[in-house]
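Each chain, letter by letter, is given below.
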Amino acid sequence: MSDIDEESELKYSEPERKRKSVASDVPEALDFLVPKAGFFCPICSVFYSGEKAMTNHCKSTRHKQNTEKFMAKQRKEKEQNEAEERSSR
Ligand SMILES: [Zn+2]
């Protein structure tokens, strides 16, 4: 019997959680963020505040693998763009 009660409670709490996540892009959410200079690797989407840490990251196999993937993707996109330009003429 108590199982049914628990289920109905879960169904009630769900829409509330969804509403909260939608409100996450309000400016107030920036209050806890601290502007900090550092190094950002757009290929791996990682941020390091120290140069040494970033240098170590660039040496890592993870970064090298991501760079290879990134370059391959860029090459493909460039080829696609060129093909589109050619076909539009
Ligand atoms: Zn990287």
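Residues numbered from 1 in each chain as written. Predicted model: local features only at pLDDT ≥ 70, side-chain atom pairs only at ≥ 80, totals over all residues.

Of regular secondary structure, the protein possesses 3 helices and 2 strands. Per-residue burial over the protein gives 0% buried out of 89 residues. (Helix = DSSP H or I, 4+ residues; strand = E, 2+ residues; numbered from the N terminus. Buried ≥ 20, exposed ≤ 12 C-beta atoms within 10 Å, placed from the backbone.)

Moving on, we come to unusual backbone geometry. With phi around 55 degrees, S45 is a residue other than glycine that occupies positive phi space. Relative to the elements of secondary structure, S45 occurs in the loop between β1 (39–41) and β2 (46–48). Accessibility expressed as a C-beta count within 10 Å gives 8 for S45, which makes it exposed.

The next thing to look at is the environment of T67. Mapped onto the secondary structure, T67 falls in helix α3 (residues 61–88). Each C-alpha atom of the pair T67 and P42 lies 9.9 Å from the other, and the pair is 25 residues apart in sequence.

Turning our eyes to something else, we now look at α3. If you check α3, its first and last C-alpha atoms are 40 Å apart, about what 28 residues at 1.5 Å a residue would give, namely 40 Å. The element α3 is largely exposed, with a buried count of 0 among its 28 residues. (Expected span 1.5 Å × (residues − 1).)

This brings us to the confidence of the model for the protein. Per-residue confidence for the protein gives a mean pLDDT of 79; residues scoring 70 or more make up 66%. Highest mean pLDDT in the protein belongs to helix α2 (residues 51–59) (96); lowest belongs to helix α1 (residues 2–22) (54). (pLDDT = per-residue confidence, 0-100.)

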